[in-house]
Amino acid sequence: MPSAIPAPTDRRARFLPDFCSAPAIAEILVIAELVAMVLTLSRGLNPGADVLRDFIAISLFMLWLAFAAAAVLCAAGRRLAHLSAARAYLACYGLLLATTAIISGIGAWADRELQFGMLAADPAGVDMLMFVARNLIISAIVSAVALRYFHVQYQWRRQVRREAGARIEALQARIRPHFLFNSLNTIAALIPVAPNAAEQAVEDLSDLFRASLDDAAVLVPLDEEIALARLYQRLEEKRLGERLDVDWQIALPEIPVRLPRLTLQPLLENAIHHGIERLREGGTVRISGETTNDGYRLTVTNPVADGTTESRGFHIALENTRERLALALGKRALLATRRNAGYFEAEVILPQDADHARTDR
């Protein structure tokens with residue numbers, strides 16, 4: 001199935017991160033260390049306080065507590081993901097408080113039995129209860145803030161996805177009229193001289209335009225995008241005849257590659273309209289594809305007439321394609337262009353890994 005920028009709409013606990021992942025554990029540890037610093041600074045205001053000793057002791061305890069909390073949330077992650085957002089929030093909150101109470105109790109007991117000296121000797125256990133109660137109060141505040149942070153972070157990420165999807169739609173909309181007008185001109189030129197070819201061109205245009213009206217945020221397999229470009233090539237061959245030759249040198253990758261719909265077709269269109277069409281004798285557009293260390297590289301090369309300059313529309317098409325790649329695939333997707341020795345070349349680098357082979361982009 002094609003992949004697209006996800007936009008969750010259900011009410012399940014999507015805001016919770018994967019507590020088994022390294023980034024989530026790192027965030028929990030950072031929060032724990034920040035709390036340790038605050039507690040140390042608050043103790044440091046007392047005369048005679050050993051700030052360094054307190055910081056080391058509190059940091060060790062907070063790290064121990066943070067790892068325990070991460071382990072508990074990791075173990076409960078799948079069940080939490082199937083709860084509603086409100087229930088998952090309360091469940092996480094309860095688990096964090098319970099973990100704090102247990103770890104604080106164990107820490108207080110170990111301090112008394114092993115005589116670490118962090119708590120006063122208290123046979124009645126009053127200091128132990130106070131220690132646990134204080135940690136519970138701190139945990140209640142910090143846990144509420146941390147869960148709120150995860151929720152706000154999730155809302156921000158979802159908003160970014162929505163804005164990216166809207167931006168891609170806008171860029172795609174700017175491509176469609178240009179593409180339609182060029183194709184209609186091709187058909188108009190065919191009608192007087194080759195009505196049967198014009199009829200076939202209308203069918204090809206219908207297929208191409210149907211693809212252009214699909215969800216612009218969708219990532220499609222490379223072979224599907226190649227098929228669309230070949231359809232467009234067939235349209236242009238009817239208009240230009242023997243002046244146009246397209247040399248396909250595509251080595252399909254072993255690992256599936258996905259890219260935004262109508263990425264290759266605009267590059268082929270530019271090569272034809274700003275290269276081949278301006279040459280009296282025509283020429284050959286070479287389209288190659290190969291796997292590289294950086295991913296998968298698509299290259300479109302076309303001859304250009306000496307002394308010609310690119311039009312504004314030429315640059316708009318390239319910029320639109322470049323921005324759509326960046327929005328859909330991130331920084332690892334690149335579009336570079338170069339011109340030398342009578343040739344113009346557009347090179348697209350696509351990420352090639354398991355993340356983009358999934359159904360999700």
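Residues numbered from 1 in each chain as written. Predicted model: local features only at pLDDT ≥ 70, side-chain atom pairs only at ≥ 80, totals over all residues. Heavy atoms only, no water.

(A) Representation of the nonpolar core within the structure. Judged by nonpolar contacts, the single largest core of 43 residues is most densely connected at Leu268, Val285, Ile287 and Leu350. For this core, the element with the most residues is helix H7 (residues 222-240), which contributes eight residues. Each residue touching Ile287, except ones within four places of it in the same chain, is listed here: Val246, Asp247, Trp248, Gln249, Ile250, Leu264, Leu268, Thr299 and Val300. Judged by nonpolar contacts, the second largest core, of 28 residues, contains Phe19, Ala66, Ala69 and Ala76. (Core = buried A, V, L, I, M, F, W, Y, C linked by side-chain atoms within 4.5 Å. Buried < 20%, exposed > 50% of the residue type's maximum accessible area, 1.4 Å probe, protein only. Helix = DSSP H or I, 4+ residues; strand = E, 2+ residues; numbered from the N terminus. Contact = heavy atoms within 4.5 Å.)

(B) Molecular detail of the sheet that holds strand S2 (residues 244-250). The five strands are arranged S2-S4-S5-S7-S6 in an open sheet whose pairing can be described as mixed. With one partner strand each, in any of the chains shown, S2 and strand S6 (334-340) form the two edges of the open sheet. Taken pair by pair, the neighbouring strands of this sheet meet at an average axis angle of 15°, ignoring direction. Pairing of strand S4 (residues 283-292) with strand S5 (residues 295-303) involves seven bridges; the strand directions are antiparallel. Within S5, the position partnered with Glu290 by the bridge is Arg297. Here H7 sits on the sheet in contact with S2 and S5, set at roughly 165° to S2. Along the sheet, helix H8 (residues 264-273) makes contact with S2, S4, S5, S6 and strand S7 (343-350), crossing S4 at roughly 150°. (Pairing = 2+ DSSP bridges. Axes fitted to C-alpha atoms, helices over the stretch in contact; angles between N-to-C directions.)

(C) Spatial organisation of the packing of aromatic side chains. Taken as a whole and judged by the stated rule, the model has two aromatic pairs. Ring centres of Phe61 and Trp64 lie 6.4 Å apart, and the angle between their planes is 85°; this geometry places the pair in the edge-to-face category. Highlighted residues: Phe61 and Trp64, both in helix H2 (residues 51-75), separated by three residues, approximately one helical turn. The class for Trp64 is partly exposed, based on a relative accessible area of 41%. Ring centres 5.5 Å apart and planes at 55° place the aromatic pair Tyr149 and Phe150 in the tilted group. On the accessibility criterion, Tyr149 (38% relative accessible area) is partly exposed. The cationic tip of Arg230 hangs over the ring face of Trp248; the distance from NZ or CZ to the ring centre is 4.4 Å. (Phe/Tyr/Trp six-rings, centres within 6.5 Å; stacked < 30°, edge-to-face > 60°. Lys NZ or Arg CZ within 6 Å of the ring centre and 35° of its normal.)

(D) Spatial organisation of H8. Taken across its 10 residues, H8 has 10 buried, putting it largely inside the fold. Those residues of H8 not exposed but buried are Leu264, Gln265, Pro266, Leu267, Leu268, Glu269, Asn270, Ala271, Ile272 and His273.

(E) Here's a closer look at the environment of Pro303. Position of Pro303 relative to the elements: it lies in strand S5. Under the relative-accessibility criterion, Pro303 is labelled buried at 12%. In the structure, Pro303 is positioned 19 residues away from Thr284 in sequence and 7.2 Å away in space, judged by C-alpha atoms. Those residues in contact with Pro303 that sit more than four places away from it in its chain are Gly275, Ile276, Leu279, Gly283, Thr284, Gly342 and Tyr343.

(F) A look at the environment of Ala305. Its place among the elements puts Ala305 in the loop between S5 and helix H9 (312-329). Taking the C-alpha atoms as reference points, Ala305 and Arg280, 25 residues apart in sequence, are found 9.4 Å from one another. Residue contacts for Ala305: discarding those within four places in its chain leaves Leu279 and Arg339.

(G) View of the state of the cysteines. In total, this model carries one disulfide according to the counting rule given. Shown here is the disulfide that connects Cys20 with Cys74, its sulfur atoms set 1.7 Å apart. One disulfide, between Cys20 and Cys74, carries an S-S torsion of 100° and so falls in the right-handed class. One end of the pair, Cys20, is in the segment before helix H1 (22-44); the other, Cys74, is in helix H2, with 54 residues separating them in the sequence. (Disulfide = S-S within 2.5 Å.)

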